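Chain residues, written in single-letter form:
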Amino acid sequence: MAKHRINPDDCIACTTCVAHCPVTAATRKFRGPKMLGPALERFRISEEDYEPSLEYCSNCKNCDLSCPSGVPVSTLNMLAKAAYYKKNPQSMRDHMLSHGENMAKMVNAIPFGAALANVGMHNPVSRAAMKQIGISDKAPMPTYAATSFVSWFKSQKQTPSEEKVVFFPGCFINYNQPQVGKDLVAVLQHNGIEVIVPEEFVCCGSPLVTGGYLDEAESNARKNAAEIAKWAAKGYKILTACTSCGLMLNQEYQELFPAIEGLAQNALSLYDAFEFLAERAAEGKLKTDFAPVQEHFMYHVPCHLRVQGIGLPALTLLRQIPGLSIEEADAGCCGISGNYGFRDEKYEISMAVGAELFQRIKDSGVKTVVCDCGTCRLQIGHGSGAATAHPVSILRKAYQL
Ligand code: SF4
Ligand code: SF4
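**Q** Pulling in residues and values, what's your account of the sheet that holds strand β2 (residues 194-196)?
**A** Read from one edge of the open sheet, 4 strands run β2-β1-β3-β4, paired in parallel fashion. Strands with a single pairing partner mark the edges of an open sheet, and in this sheet they are β2 and β4 (270-272). In this sheet, neighbouring strand axes are inclined to one another by 40° on average, regardless of whether the strands run parallel or antiparallel. Along the sheet, helix α14 (residues 214-233) makes contact with β1 (164-168), β2, β3 (237-240) and β4, crossing β3 at roughly 135°.

Shown next, in the form of structure tokens:
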């Protein structure tokens, strides 16, 4: 059984987390954060106990965000899942979804692998086969890019600069949407900053945690933490442009793996890309040679950004672009939570969770929704029909790069 480090008695049973849990609101199959987190933790401390509805927790972290006592409910849930899966094997489906990095590496190793995988994964026959193993045939599965971000980056000649930052791309940007990473590099270079992308980085481990593979996630955390510590010691800032990767490196490592040394120190050097850019803007160190962008956007705040407590730096910065108008959706979770909504038994729940957001987008008539999280963008496009963009792509457009 996992060593218990969080005191469930910090819970004062106020049920605020229940009111803020989007999955509890969407389905009665889930018994809610108060019961599955602190209440059952009291039983789990003394003996093994597994409540099957724990599977329905999406790790969206709205419970943690709302709890007045600071109980990390989602972490209790993930630790309980991990304890269960130490003795009970995961399904083939959960193994595949949790090890997306391995799959992407295989795709990249084969000539025309991305094209073959995309055709193979996105036709009715293969979707029907995937449904047989528990992957929804309706879910918005990502496509692979022909060239990964890291491969592209290695071929680039940057303008050298005294000022450098380290970029952690994460799997989604590296293998699925490298354009986001390219846009970030262009924006940073325009501001006289050189970018370093260490090849030692591995998947942040977020899909491993939600799949119950805690030991593998810890192994990844140790590798990433060592690399981050190395660059932080030299005075470099380490940027992420995916809010789930950022949350994992910055906060979840500390909650899940307190035995790893130096995590709190590392967190001081970790920045969301827009947190970094907005800070420079506030100091008058960000170029403002923006061309007007005569467009109206909607901005969706990923739950994993909200819980970081760094405000909405992308929204703040994009509002400085002349001609551009952008409204915050303020319509809750999109429902996808990483790959939660890809699972057949959770697809309808994820769509129910995101329904308010999808309707808000449709009612507004906006053509493009801006969001910092890759899988949120997939879900928003799927649920609302709108185009989506990472905020750094809009910033690059304003710079006319
Ligand atoms: S992480 Fe999200 S789904 Fe899980 S209990 Fe908390 S609010 Fe509910
Ligand atoms: S919000 Fe916090 S204190 Fe209130 S019931 Fe949930 S875990 Fe307990």
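Further notes follow.
**Q** Before we move on, can you summarise the nonpolar core with the specific residues and values?
**A** Buried together is how nonpolar side chains tend to be arranged in soluble globular proteins. Counting 52 residues, the largest nonpolar core has Ile238, Tyr253, Leu256 and Phe257 as its most contacted members. If you list the elements that add at least two residues to this core, you get α3 (33-46), α5 (73-87), β1, α13 (206-210), α14, α15 (243-256) and α20 (344-364). Ranked by the residues each element gives to this core, the list is headed by α14, at 7 residues. Core analysis: the next-biggest nonpolar cluster, separate from the first, contains 43 residues, Ile173, Val180, Ile193 and Leu317 among them.

**Q** With reference to specific residues and values, describe the packing of α3 against α5.
**A** Taken N-terminus to C-terminus, the directions of α3 and α5 make an angle of 55°; their axes are 9 Å apart at the nearest point. Between α3 and α5, the interaxial angle falls into the category oblique. α5 is crossed by α3, and the crossing has left-handed handedness. Side by side, α3 and α5 meet where Pro33, Leu36, Gly37, Pro38, Glu41 and Arg44 of the first sit next to Val73, Leu76, Asn77 and Ala80 of the second.

**Q** Describe the side chain of Ser337, with residues and values.
**A** Within the secondary structure, Ser337 is located in the loop between β6 (325-328) and α20. Here Ser58 takes part through its side chain, which lies 3.1 Å from a polar atom of the side chain of Ser337. Filtering out sequence-adjacent residues up to four positions away, Ser337 remains in contact with Ser58 and Cys60.

**Q** Quick rundown of the domain arrangement of the chain? Include the residues and the values.
**A** Looking at the assigned domains, one finds that the chain contains domain 1 (8-87), domain 2 (149-203 + 213-280) and domain 3 (288-399). Placing a centre on the C-alpha atoms of domain 1 and another on those of domain 2 gives a separation of 30 Å. Taken together, the 8 residues of domain 1 in the interface contact 6 residues of domain 2. Three residues, Lys61, Thr75 and Leu79, lead the burial of domain 1 against domain 2; their summed loss comes to 55% of the area buried on that side. Put simply, domain 1 and domain 2 have 2 salt bridges between them. Across the contact surface, domain 1 and domain 2 share 4 residue pairs in polar contact (both at pLDDT 80 or more).

**Q** A description of the sheet that holds strand β8 (residues 387-389) should follow, citing residues and the corresponding values.
**A** Here 4 strands make up an open sheet; going across it, the order is β6-β5-β7-β8 and the pairing parallel. Of all strands in the sheet, those with a lone pairing partner are β6 and β8, marking the two edges. Each strand axis lies, on average, 35° off the axis of its neighbour in the sheet, ignoring direction. Where strand β5 (residues 296-299) and strand β7 (residues 368-370) come together, 3 bridges link them in parallel fashion. Note that in β7 the partner of Phe297 across the bridge is Thr368.

Definitions and cut-offs
- Residues numbered from 1 in each chain as written.
- Chains lettered and ligands numbered in written order.
- Predicted model: local features only at pLDDT ≥ 70, side-chain atom pairs only at ≥ 80, totals over all residues.
- Heavy atoms only, no water.
- Pairing = 2+ DSSP bridges.
- Helix = DSSP H or I, 4+ residues; strand = E, 2+ residues; numbered from the N terminus.
- Axes fitted to C-alpha atoms, helices over the stretch in contact; angles between N-to-C directions.
- Contact = heavy atoms within 4.5 Å.
- Core = buried A, V, L, I, M, F, W, Y, C linked by side-chain atoms within 4.5 Å.
- Buried < 20%, exposed > 50% of the residue type's maximum accessible area, 1.4 Å probe, protein only.
- Parallel < 35°, antiparallel > 145°, perpendicular 65-115°, else oblique.
- Left-handed = near helix turned anticlockwise from the far one by under 90°.
- Polar contact = N/O pair within 3.5 Å; in protein donor to acceptor, adjacent residues only side chain to side chain.
- Domains from an automatic or database assignment.
- Buried area = accessible area lost by both parts, 1.4 Å probe.
- Salt bridge = Lys/Arg side-chain N within 4 Å of Asp/Glu carboxyl O.

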